[in-house]
Amino acid sequence: MKKYFTLLILLSFLLQAHAQEQLLTAAEKTNYQATSTYEEVMAFLNELQNKSPYARLETIATTTEGRQVPLLIIGNPLPENPEELKNDSRIVVYLQANIHAGEVEGKEATQMLARDLLKNPKSDILKNVVVLINPVLNPDGNEKFSTKNRTNQNGPPSVGVRHNGQHLDLNRDAMKLETPEITGVVVNVLNKWDPAISVDCHTTDGSYHEEPTTFVWQLNPNGDRNLINYMRDKMAPAVHRTLWDKYNVENVFYGEFVDRLDIDKGWYMYAAQPRYLVNYIGLRNRLAILNENYVYADFKTRVNASYHLLLSILGYAAKNNREIKKMLAGADQKMSDPKTRPLVFDSFAIKYKVQPTPEKITIKAYETDTIPGMKGHRRFKNSNRQRTITVDYLADYYPAESTPVPYAYLLTVPDRKILRVMREHGIRMEQLDKDTTLTVESFKIEELKCAGRLFQGHYMNKVKGHFETVEKKFPSGTYLIKTAQPLGHLVSYLLEPQSDDGLLKWNFFDRYLVPEWGSGVYPYPVYKLMGETDLN
């Protein structure tokens, strides 16, 4: 009887694997001549859910055009909710694609990876990892198929567009949360499932080289330096070697040439602000990877490279799950304790500079030529002169100018939009229960200018000023936001007046700064309480 039941279980697994083998993505069905429509992605994910007890499909957002943004949860056993994972040794990893809907290979790779993981529910990966997969974060952009989109991209012929249904770039929305898609990621993935590692899949637009895939880690210097160094010195090099040695996929850390006409000057990763989702996740004391696949490689090669990069990341997570969980818990604990928070985060970088990483980088590069006769910006082309170079990798960001981090911030305007954004980020806020007079730092604005050109629907602010120590009475109900909390890095990034990606920068405070009549500027309505204070 025991043998009989064992055979039944084995037969069940074989039938399940056979069923998954018959399921193909749009790219596979067309020999990589097409990429999936939104309906095809949803049908694929629903089929996985219907055929496997180890997969469940959820919705994290609804787009402005009414499409549901999916999240496939894969686990063995499959958790019903995040609370079940509190005492679970498994690590949660989130894989996301199609944030820019013309950049499509991640969309195909994540579907294929989900199918293949479910073929082997007893794998080391599913023993140690709960996998969250979102193949199509930007459904509205995905459906704007045209052969005129991303014409420099080496297939498929017709793809979607970069922006979402609001004509906003989702990968500039992590701080301001003005899109349903990114708000859904923050609220229903990062806050809810708290993935230890997140991966965001893209396609490059820049320099010429042979490697079909590139990747990089979170960079912003206002995040935990130990986590940045862990990614730079341990995880990223290990993934790089696995991808190359085990899966025969050439790869290099992401960047662009400092000077495309003189490639020996170095390789530069330029985007460190937390408006970019990967850097935002770093501010949350979590690990994040940006995957950029090489636009000039053919579509099948890009899908294969992205697939095996994601598989390499999952393999690393499975092997090092306990180490990563312990490291992240320690980072949260240090930030949450008022006594240790100043030891890990005592100053906030309002300006920062890039330096070379400790190790140089080797790239199978192509020299670049300019296209003659083009008006306006210079246009470049691949010279087909290949050179393998070893150069500085400019990707280590450090503070250039800093301001002290307070014990807490006091928000004196109960603006619904500001409070909504703070809550959606998951930031803990308290309110004073009585009128209280405190000695605080007040930011006096000397100059406030907005940009001359719209960016993502905003005329972004540039501010100059200085802090003054003042005694001020705060009424009952004033919001108190302490920095001693897991998201303390993010608190300061949102509320510091000179932050390069904070709420003042993104115009959230505009109505409270400039009077309707007359000249001058009001004080910034967020005050810094520097020392720990008993407010009871």
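Small disclaimer: the values here were computed from a predicted structure and weren't measured.

(A) Local environment of the packing of helix α10 (residues 299-319) against helix α11 (residues 321-336). Contact geometry of α10 with α11 gives a least axis separation of 4 Å together with a crossing angle of 80°. The angle between α10 and α11 places the two elements in the roughly perpendicular class. Where α10 approaches α11, its residues Tyr316, Ala317, Ala318 and Lys319 are matched on the opposing element by Asn321, Glu323 and Ile324. Tallied by class, residues from the contact of α10 with α11 come to 4 nonpolar, 1 polar and 2 charged.

(B) Structural context of the packing of aromatic side chains. According to the stated counting rule, one finds 14 aromatic pairs in the structure shown. Pairing Phe348 with Tyr493 gives two aromatic rings, centres 4.9 Å apart and planes at 85°, and the pair type is edge-to-face. Remark: Tyr493 occurs in helix α14 (residues 488-495) and Phe348 occurs in strand β11 (residues 347-356); sequence separation between them is 145 residues. Note on accessibility: Phe348 and Tyr493 belong to one class, buried. Site record: aromatic cluster; members linked through ring pairs are Phe215, Trp217, Phe253 and Tyr393. Between Lys472 and the ring centre of Phe474, over which it is positioned, the NZ or CZ distance is 5.8 Å. Taking the ring centre of Phe467 as reference, the NZ or CZ of Lys528 above it sits at 4.3 Å.

(C) Looking closely at the nonpolar core. Ranked by size, the top nonpolar core spans 149 residues in total, and within it Ile197, Met235 and Phe509 carry the most contacts. Looking at which element gives the most residues to this core, the answer is α10, with 12 residues. Look past the residues within four positions of Phe509 in its chain and what remains in contact with it is Leu411, Val413, Ile418, Leu503, Leu504, Tyr524, Pro525 and Val526. Of all hydrophobic cores here, the second largest spans 11 residues; its members include Tyr407, Leu432, Val440 and Leu535.

(D) Main features of the side chain of Thr214. The residue Thr214 is located in strand β6 (residues 213-217) in this model. At 2.7 Å, the side chain of Thr214 and the backbone oxygen of Glu292 are in polar contact. Beyond its immediate chain neighbours, meaning those up to four positions away, Thr214 contacts Thr204, His209, Val252, Phe253, Tyr254, Leu290, Asn291, Glu292 and Leu309.

(E) Structural context of helix α4 (residues 105-119). The terminal C-alpha atoms of α4 lie 21 Å apart, and with 15 residues this matches the ideal 21 Å at 1.5 Å per residue to within 8%. Buried residues dominate α4, accounting for 13 of its 15 residues.

(F) Examining the pattern of salt bridges more closely. For the structure on display, the rule yields 40 salt bridges. Across the pair Glu47 and Lys51 runs a salt bridge, and its minimum N-O distance is 3.0 Å. Residue Glu47 and its partner Lys51 are located together in helix α3 (residues 38-51), separated by 4 residues, close to a single helical turn. Classification of Glu47 as partly exposed rests on a relative accessible area of 27%. Across the pair Lys364 and Glu250 runs a salt bridge, and its minimum N-O distance is 2.4 Å. Of this pair, Lys364 sits in strand β12 (residues 361-370) while Glu250 sits in the loop between α8 (225-245) and β7 (251-253), and the two are 114 residues apart along the sequence. Overall, the relative accessible area of 22% leaves Lys364 in the partly exposed class. Connected through shared salt-bridge partners, Glu103, Arg150, Arg162, Asp169, Arg172 and Asp205 make up one network.

(G) Broad picture of the environment of Asp262. Structurally, the position occupied by Asp262 is in the loop between β8 (256-257) and β9 (267-268). When the C-alpha positions of Asp262 and Glu367 are compared, they lie 7.8 Å apart, and in sequence the two are 105 residues distant.

Conventions we followed
Residues numbered from 1 in each chain as written. Predicted model: local features only at pLDDT ≥ 70, side-chain atom pairs only at ≥ 80, totals over all residues. Heavy atoms only, no water. Axes fitted to C-alpha atoms, helices over the stretch in contact; angles between N-to-C directions. Helix = DSSP H or I, 4+ residues; strand = E, 2+ residues; numbered from the N terminus. Parallel < 35°, antiparallel > 145°, perpendicular 65-115°, else oblique. Contact = heavy atoms within 4.5 Å. Nonpolar A, V, L, I, M, F, W, Y, C, P; charged D, E, K, R; others polar. Phe/Tyr/Trp six-rings, centres within 6.5 Å; stacked < 30°, edge-to-face > 60°. Buried < 20%, exposed > 50% of the residue type's maximum accessible area, 1.4 Å probe, protein only. Lys NZ or Arg CZ within 6 Å of the ring centre and 35° of its normal. Core = buried A, V, L, I, M, F, W, Y, C linked by side-chain atoms within 4.5 Å. Polar contact = N/O pair within 3.5 Å; in protein donor to acceptor, adjacent residues only side chain to side chain. Expected span 1.5 Å × (residues − 1). Salt bridge = Lys/Arg side-chain N within 4 Å of Asp/Glu carboxyl O.

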